[in-house]
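# Observations on chain architecture
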Amino acid sequence: MDKDIVDVVVLGAGVIGSCAALSLRRAGQNTLLIEQYRLPHGRGSSGGLARIIRLANTGPPQLTPIMDDAYRQWMKLSDIVKEELISPAPFLVVSQREESIRKAAASVELGGKVPIWLTPAQANAKYSTRFTDDFRIFEDTMAGVIRADRCVAAVQRLYREAGGRVLDDWPVTEVRGGQPLLTLKGPRGDVQARALVLCAGPWTASLLEPLGVHLPLRPVRTKAMIWKNKTFPHACFVDLTDPNYFYVLPALDAAGRCKVGHHGGIVTSPGGAEPDLSHLTKDSIVYFNKFFPFEEAKPEEEELCWYTVTPDKECILDRCPRHSNIVYAAGFTGTGFKLAPTVGNILTGMVLGHDHGFDISPFAAQRFAHFKNPLPLNSKY
């Protein structure tokens, strides 16, 4: 790396880091996007073909306008690249717990939309499911399926076309804070910048620890399954009964299959031995054979991935107290992809001192100031 100085380094070229880099470059910043692996790769949280995008959520109320804006931002990007990045699909939300489904429905209303309530019989007739009378069910019609691989490629292409630079296969081992310049050190050299946006997923906590920021982040290894189902329509689904919910979405592959899973996994370290995730397969087979008319008794393929969790399952968007020129985004607990364009704009506003228009106070790291018990490694999540 040449010894030039950039305005902003974005560390981590997943979807959130890539969106932040594009937003910064559009704001006129001399931006460098650094990724530890050679691009493209599937070792992080942004790989695969498909993700759900929706308005319904069970997070704090401040999350809903971020989700609503992100949908519009993805559609704008789709128009710019002249490629379908979102495939519209209704989102079927079910739960046997009244509190969780009421909260999800309230988030749709907060976004200015109307949840469409269905009886179990109506839902079963429409979706060929088999839910019993103890389920509460509604549709979020402002939902869809994000074409994940296309989105990452499109954002990175737009960033490069805007003059942004990418430095991949370039691991960072240390962040040294400083004013007016900070330094990123690695086995292949140093980089200096006036500001840093850190979007490094499971590696965020270890990079911030020497700077006095202690985050109770835990990386989770999980998997989705690809299952043949020609009866279930082009729609998305989640069951909020279990906090580690079951979900379905179109896999968006040539075979027209479904991507399904149980949102759990094993807390472990990236780069270590692969954990045993057979419990996720077993739980999913039991659940989906009970409630869904899948044509086969078990899934055809499995898709491994990572996500990073916080104790309350909400993300962290904050600034390093000792070094105000370092901001970071982490701990999206498997739901960050859909938010990426808006989170990228928020991070740009934080770096430049501009009003980004969103209340991010519920996502501050301070809420974990006295937290002492992060999930131990090799525990089920």
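Everything quoted here is computed from the prediction, not taken from an experiment.

## Things to note about the packing of helix α2 (residues 63-81) against helix α5 (residues 148-161)
Direction vectors running N to C along α2 and α5 enclose 70°, while the axes themselves pass 11 Å from each other. By the angle class used here, α2 and α5 are roughly perpendicular. Once α2 is placed against α5, the crossing between them reads as left-handed. In this structure, α2 contributes Trp74, Leu77, Ile80 and Val81 to the contact, and α5 contributes Cys151, Ala154, Val155, Arg157 and Leu158. For the contact of α2 with α5, the residue count by class is eight nonpolar, no polar and one charged.

## Details of the sheet that holds strand β8 (residues 144-147)
With antiparallel pairing, three strands are arranged side by side in an open sheet as β3-β8-β4. The open sheet has two edge strands with one neighbour each: β3 (50-53) and β4 (86-88). In this sheet, adjacent strand axes meet at a mean angle of 30° when their direction is disregarded. In this sheet, β8 lies alongside β3 in antiparallel orientation, the contact comprising four bridges. Counterpart to Ala50 in the pairing with β8 is Arg147.

## Focus: the environment of Leu347
Of note, Leu347 is situated in helix α8 (residues 340-352). When the C-alpha atoms of Leu347 and Ala329 are compared, they prove to be 8.0 Å apart, with 18 residues separating the residues in sequence. With near-sequence residues (within four places) excluded, Leu347 lies in contact with Ile16, Ala20, Val197, Cys199, Val327, Tyr328 and Ala329.

## Re the packing of aromatic side chains
For the structure on display, the rule yields 22 aromatic pairs. Ring plane angle 20° and centroid distance 5.1 Å describe the contact between Phe131 and Phe291, whose orientation is recorded as stacked. In this pair, Phe131 sits in the loop between α4 (120-127) and β7 (136-140) while Phe291 sits in helix α7 (residues 278-291), placing the two residues 160 residues apart along the sequence. Each of the two residues, Phe131 as well as Phe291, counts as buried. Considering the side-chain rings of Tyr287 and Phe291, the 5.0 Å spacing of their centres and the 55° angle between planes classify their relative orientation as tilted. Here Tyr287 pairs with Phe291, and both are found in helix α7, just four residues apart, close to one helical turn. For Tyr287, a relative accessible area of 8% gives the class buried. By relative accessible area, which is 6% here, Phe291 ends up buried. In textbook terms, an aromatic cluster arises when at least three aromatic residues are bridged by ring pairs, as seen for Tyr127, Phe131, Phe135, Trp227, Phe232, Phe237, Phe246, Tyr287, Phe288, Phe291, Phe292 and Phe294.

What counts as what
- Residues numbered from 1 in each chain as written.
- Predicted model: local features only at pLDDT ≥ 70, side-chain atom pairs only at ≥ 80, totals over all residues.
- Heavy atoms only, no water.
- Axes fitted to C-alpha atoms, helices over the stretch in contact; angles between N-to-C directions.
- Helix = DSSP H or I, 4+ residues; strand = E, 2+ residues; numbered from the N terminus.
- Parallel < 35°, antiparallel > 145°, perpendicular 65-115°, else oblique.
- Left-handed = near helix turned anticlockwise from the far one by under 90°.
- Contact = heavy atoms within 4.5 Å.
- Nonpolar A, V, L, I, M, F, W, Y, C, P; charged D, E, K, R; others polar.
- Pairing = 2+ DSSP bridges.
- Phe/Tyr/Trp six-rings, centres within 6.5 Å; stacked < 30°, edge-to-face > 60°.
- Buried < 20%, exposed > 50% of the residue type's maximum accessible area, 1.4 Å probe, protein only.

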